[in-house]
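The lines below spell out each chain.
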Amino acid sequence: MEKESNNHNHKVAIVGGGLSGLTCAYDLINSGAEVDIYEASISLGGIAKGYKKEGWNWSADIFYHHLFEGDKSFKKLVQEVGLKDKLKFYSQNTSVFYEGRVLPFSSPRQILSFPNFSSLGKIKFGFGTGLLRFSPWLGKMDELKAAEIFPKLSGQEGFNLIWKPLLYSKFGEYWDDISLSWLWARIKSRSFKLGYMDGGFQVLVDRLKEKIEKSGGNIYLSSKVKRINKDNESWTLVGSRFSREYDQVIFATPFDNSLMLVNKYLADEERRKYAKIKTLSCLNIVMRLKKPFLEDGTYWLNILNTSFPFVAVVEHTNFVDKKHYNGESIVYAGGYYDPKSEIMKMDKRKVFKEFSPWLRKINLDFERELIDYDLFKAESAQPVMLTSYKKLKPDFKITDNLYWTSQHHVYPWDRGMNFAVENGRRVGKMIVK
Ligand SMILES: Cc1cc2nc3c(=O)[nH]c(=O)nc-3n(C[C@H](O)[C@H](O)[C@H](O)COP(=O)(O)OP(=O)(O)OC[C@H]3O[C@@H](n4cnc5c(N)ncnc54)[C@H](O)[C@@H]3O)c2cc1C
């Protein structure tokens, strides 16, 4: 094992090479700090990383990704690193799968023509959703349950038809204890046009890597941090093949991973609080097809049937042009699951076998056009935003010279790349101070 001690004053270690770790490293290096990044996997980007198949000019993301027009922190970073021209916003179609049919659900007119939905129900649904979107005070109601308040605002019919299956698909058994603030933020941040980067979001990851390394930052891949110890004034990070000392350490790893590593430096009260925080895992199959799967041009298909083993089907190439992917249609089918659930243990063939009868309900003949498929999993993917999460949300600072940021540090907004960037910058600023 390599043991290094250094004499530098402000040497910072960042654990985790996802978007928040990379952004934090980029800012700290620009402010003159010496920065090392430790990344457990063989490549950078975390949940937002991309991958490429032969013949593709652009990367596809391992999990479906897009931006909203209001994602200011992300837009600012992209501009700063010289990639502004690569970020483009496109109109897209959202639909729902309801009683065996793909029904468009993007515009008020489409919602008004939705079948089995009474006129009064539609009016209430439109009113309640609008109220939630435009009312600032509903966003502060963190201790109220979305499942109790939303039916009162938007009518039980619309809630049962639309929001209940969506809450259930996203949060499973926790669906009826999700805070109203989270649902408010989720509706508030939506924009009609969605953003994508030419080349995929991996382009930003690559640019940050290039900038960090050019400025003298070290990036250690396949370097999982297994322990952290405090020795006098410095912190020692320990992995299988390294043990190095730092003045400051930032964990930009998923919350559950960081919690295990920093546990001994937390106060008892914090430990009790964080034990209440819940997280779901996710997986998705990414299919490559010779023809579109959602033939009506739908980009995002929400499944309004909780028997399905996946929440949504996302046809990436109904959003950006398939010419960048050698003319192939790229389609995601995925969902959120208990980390201990059987599906999280399955390999790609088993997951596909599980999904395919349900995929056939949407497109009977899709297997004829299938070229290949991949499976991607993330263990700590979706924080469960239970009521009163505000009281549980961790601070960025753990103790002197030890910090953390994760998707669980984002609230009431739904986790996202914009907030990974924003929080990475926020922690960087705290260190510079
Ligand atoms: C299915 C899905 C769809 C999404 N869609 C969107 C979307 O459309 N738009 C959007 O804006 N956001 C979306 N997101 C959210 C977005 O991807 C994340 O919020 C963001 O990428 C999180 O970045 P991060 O750096 O905080 O964490 P991560 O990306 O999780 O990065 C953490 C890194 O830490 C590394 N690591 C873990 N443990 C260790 C260790 N012990 N030592 C060293 N390294 C370690 C991991 O390998 C990883 O690279 C989606 C997320 C999911 C799951």
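See the structure printed just above.
Let us look at the structure shown here. (Residues numbered from 1 in each chain as written. Predicted model: local features only at pLDDT ≥ 70, side-chain atom pairs only at ≥ 80, totals over all residues.)

To continue, consider the overall build of the protein chain. What the protein chain contains, in helices and strands, is 13 helices and 22 strands. Taken along the three principal axes of its C-alpha coordinates, the protein chain extends 70 × 50 × 40 Å. In the protein chain, which comprises 433 residues, the share counted as buried stands at 44%. Counted over contacts in the protein chain with a minimum sequence separation of 6, partners at least 24 positions apart contribute 73%. (Helix = DSSP H or I, 4+ residues; strand = E, 2+ residues; numbered from the N terminus. Buried ≥ 20, exposed ≤ 12 C-beta atoms within 10 Å, placed from the backbone. Contact = placed C-beta atoms within 7 Å.)

Next up on the list: unusual backbone geometry. Residue Pro 412 is reached from Tyr 411 by a cis peptide bond, and omega for that bond is 5°. Residue position: Pro 412 is located in the loop between strand E22 (402–404) and helix H13 (417–432). In this model, Glu 99 sits at a positive phi of 45°, which is unusual for a non-glycine residue. Here Glu 99 is to be found in the loop between strand E8 (94–98) and strand E9 (101–104). Unlike most non-glycine residues, Asn 232 shows phi in positive territory, near 50°. Relative to the helices and strands, Asn 232 resides in the loop between strand E12 (227–231) and strand E13 (234–238).

This part is about the packing of helix H1 (residues 19–30) against H13. With their axes 7 Å apart at the nearest point, H1 and H13 run at an angle of 40° to one another. As summarised for this structure, H1 and H13 are arranged oblique, according to the angle between their axes. When the axes of H1 and H13 are compared, the crossing they make is right-handed. Contacts between H1 and H13 involve Leu 19, Ser 20, Gly 21, Thr 23, Cys 24, Asp 27 and Leu 28 from the first element and Met 417, Ala 420, Val 421, Asn 423, Gly 424, Arg 425, Val 427, Gly 428 and Ile 431 from the second. Looking at the contact of H1 with H13, its residues break down into eight nonpolar, six polar and two charged. (Axes fitted to C-alpha atoms, helices over the stretch in contact; angles between N-to-C directions. Parallel < 35°, antiparallel > 145°, perpendicular 65-115°, else oblique. Left-handed = near helix turned anticlockwise from the far one by under 90°. Nonpolar A, V, L, I, M, F, W, Y, C, P; charged D, E, K, R; others polar.)

With that settled, the discussion passes to the environment of Thr 253. By secondary structure assignment, the location of Thr 253 is in the loop between strand E15 (248–251) and helix H9 (255–262). Thr 253 sits in the buried class, given 29 other C-beta atoms within 10 Å. Here the alpha-carbon distance between Thr 253 and Tyr 220, two residues 33 residues apart in the chain, equals 15 Å. Once residues lying within four places of it in the same chain are set aside, the contact partners of Thr 253 are Val 15, Gly 16, Ser 258 and Ser 406.

Time to look at the site of the ligand. The environment of the ligand is formed by 35 residues, the closest being Gly 16, Gly 18, Gly 46, Gly 416 and Met 417. Only H1, strand E20 (370–383) and H13 provide two or more residues apiece to the shell around the ligand. Among the residues making up the shell around the ligand, the classes are represented as 17 nonpolar, 15 polar and three charged. (Near = placed C-beta within 6 Å.)

Just distances and angles here, no functional claims.
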